[in-house]
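# Residue-level structural notes
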Amino acid sequence: MRLYCFTFIFLFSYSISAQFLKKKKKKIISYESIIISDSATQRLSNAIQFETVSKTDSLDFYKDEFGKFYQFLKSSYPLVFQNCTQISFNSHAILLKWEGLNPNLKPNLFMAHQDVVPAKHQKYKWNYPPFGGVIKNGQIYGRGTLDDKASLIGLLEAAEYALKNNFEPLRTIYFAFGDDEETKGNGAKEIADWFLKNNIEFELILDEGPGVGLDIIPEVAKPIAFIGIAEKGYATVELTVNQESGHSSMPSKHTAIGILSQAIANIENNPFKAHYHGLAKKMFDEIASEMDFSKKIVFRNSWLFSGLIKKELAKKYSTNALIRTTAATTMFTSGESENVLPHKASATINFRLIPGDSIKDIMPYLKKVIDNPKVKVSFKGEAVNASPIAKKKSVGYRALEKSCHEIFPKAIVAPVLVIGSTDSRYFNLTCHNILRFIPLHFSNADLEHIHGFDEHVGIENYHNMIRFYIRLFQNLNDF
Ligand SMILES: [Zn+2]
């Protein structure tokens, strides 16, 4: 009976796949045939001109701007909005569903966010107005050109292009565009909850992340396409010291500020243990072949040199963050008057956890390194462990890798741990293979413009991003 069933299912699915194959062959969009027009450049410039700035209080959003931005998307990408079902949420988050040919396959989800960080405080530094969308010298300038409207608009450009060319995805594709990623991520959370409630599981989720680094690892001359296969966890802790208040002419040996400062110094001087295994090792294993002879020997023999490697990686903030859980003091409050002993001092410490370390490890660690019962410690807000690690063998990773080889032929593709956090953190229960990647070339200098002044993207760079997404849709059909 069982065997019969399997044979039947096999033959049935074979005939279905044969049909799909016939259809698929007609719809292939080859890399060479993709032509991106100037109007695509203009549409990104237009998108930049909507001031979709996220605020800490989500009710305070520039409601009109998000509403107008939505209307702009609808009129700019008519085929996408005609062919996709739209699922509404209370806030301004957008979810689109593009039905695939085979409803039995797990769908794919592409994510990007509509909101941007404010540009007010750096306004005088901008050479071009942050919401002007100025196109000059082969570049598009404005807040969101890198983070993250290029991805959002690039995905819609790719989908519109694919639809125009009668492409049909095998797996259903969802697009989720959050509206408050830069603050709370409530939009994405609502969408994630909706998927959980409806038992929808994904083959691939692709969210923003690192890109194709040009000079990020100076030891490697070739560009590196960093694909984020996991992201660090996030937790915030408040330290508080309460002391008797009094006159500053008769101070106790240690004031509340002194005790708390000592606690913070202890945390800084006794960081979490560094590890050279897992993700950091995976990344360097991939790129070591492009390093000079001596470094190649060291990284290829990490069983012998892991101590030396950890010491070297710990010297740079960016690589230090790849090998250990970090703790950063981000806020400190105390004192009201120059001649009064403060009765309270408090500090906020933000932790970013590597896979393998857990939220549960934070309190014992703090107790040990602070070693002072006067310092009270408590968690503040939401805490999440590091995400699961996506597999390099997964359909999503292989399709991304193939698309990278096509669009960035000179680049090495390497998996990496994402040290920031993205909206995708809410989707861990809906997908085993969440990837984070922005198909754009980045140099160290470009990174400074993200959340900074004169944020911009090269036109050719952006056009390649659209080509990448088109090819990714196609490559996902082939795996
Ligand atoms: Zn972002």
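In this text, all values refer to a predicted model and were calculated from it rather than measured experimentally.

## Regarding the overall build of the chain
The number of helices and strands found in the chain is 15 helices and 19 strands. The C-alpha radius of gyration computed for the chain amounts to 25 Å, which stays within 12% of the reference 23 Å derived for 479 residues, consistent with globular compactness. Counting over 479 residues, the chain shows a buried share of 41%. Intrachain contacts of the chain at a sequence separation of at least 6 include 82% that bridge at least 24 residues.

## A closer look at the sheet that holds strand β19 (residues 456-458)
Ordered in space as β4-β5-β19, the three strands form an open sheet in which the pairing is antiparallel. The sheet is open, and its two borders are formed by β4 (135-136) and β19, each paired with just one other strand. Relative to β19, helix α15 (residues 459-478) is tilted by about 75°, and along the sheet it contacts β5 (139-141) and β19.

## Brief notes about helix α8 (residues 278-287)
Along an α-helix, residues three or four positions apart point the same way, because every turn accommodates 3.6 residues. Three or more residues of α8 are buried, namely Leu279, Ala280, Met283 and Phe284. Viewed end-on, α8 has its buried residues packed into an arc of 130°, placing them on one side of the element. In the core, the buried residues of α8 are packed alongside β9 (224-231), α9 (293-300), α11 (317-323) and β16 (412-418).

## Some remarks on the nonpolar core
Counting residues in each nonpolar core, the largest one holds 116 residues, and the members touching the most others are Ile227 and Leu435. When we break this core down by domain, the ones giving at least three residues each are domain 1 (22-214 + 420-478) and domain 2 (233-271 + 325-385). Not counting residues up to four positions away in its chain, the partners in contact with Leu435 are Leu204, Leu206, Ile227, Gly228, Ile229, Ala390, Gly396, Tyr397 and Leu400.

## Section: the sheet that holds strand β15 (residues 375-379)
Sheet architecture is open: four strands sit in the order β12-β14-β10-β15, paired in antiparallel fashion. Both outer strands of the open sheet, β12 (326-334) and β15, are each paired with one neighbouring strand and no more. Taking the axes of each pair of neighbouring strands and ignoring which way they run, one obtains an average angle of 20° across the sheet. Of the strands in this sheet, β10 (233-242), β12, β14 (344-353) and β15 are in contact with helix α7 (residues 256-269), which crosses β14 at around 15°.

## Overview of the confidence of the model for the chain
Per-residue pLDDT for the chain averages 89, and the proportion of residues at 70 or more is 92%. Across residues 1-26, confidence stays below pLDDT 50; counting only partners more than four residues off in sequence or on other chains, it has six contacts.

## Here's the deal with the pairing of β16
For β16, the tally of buried residues reaches six of seven residues, placing the bulk of the element in the interior. The pairing of β9 with β16 spans seven bridges and is parallel. Note on β16: the bridge partner recorded for Phe226 is Ala414.

## Remarks on unusual backbone geometry
With an omega of 5°, the peptide bond running from Asp147 to Asp148 counts as cis. Among the secondary structure elements, Asp148 is positioned in the loop between β5 and α5 (149-164). Even without being a glycine, Asp454 presents a positive backbone phi close to 50°. Following the sequence through the fold, Asp454 ends up in the loop between α14 (444-447) and β19.

## Focus on the environment of Thr240
Relative to the helices and strands, Thr240 is located in strand β10. For the pair Thr240 and Ile470, spaced 230 residues apart in sequence, the C-alpha separation works out to 52 Å. The contact partners of Thr240, leaving out residues within four places of it in the chain, are Lys344, Ser346 and Lys376.

## Points about the environment of Ile94
Position of Ile94 among the secondary structure elements: in strand β2 (residues 94-98). Distance from Ile94 to Phe177, taken between C-alpha atoms, is 5.1 Å for residues 83 residues apart in sequence. For Ile94, the residues in contact, after removing those within four places along its chain, are Tyr70 and Phe177.

Rules used throughout
- Residues numbered from 1 in each chain as written.
- Predicted model: local features only at pLDDT ≥ 70, side-chain atom pairs only at ≥ 80, totals over all residues.
- Helix = DSSP H or I, 4+ residues; strand = E, 2+ residues; numbered from the N terminus.
- Rg over C-alpha atoms; globule rule 2.2 N^0.38 Å.
- Buried ≥ 20, exposed ≤ 12 C-beta atoms within 10 Å, placed from the backbone.
- Contact = placed C-beta atoms within 7 Å.
- Pairing = 2+ DSSP bridges.
- Axes fitted to C-alpha atoms, helices over the stretch in contact; angles between N-to-C directions.
- Arc of directions from axis to C-beta.
- Core = buried A, V, L, I, M, F, W, Y, C linked by C-beta atoms within 7 Å.
- Domains from an automatic or database assignment.
- pLDDT = per-residue confidence, 0-100.

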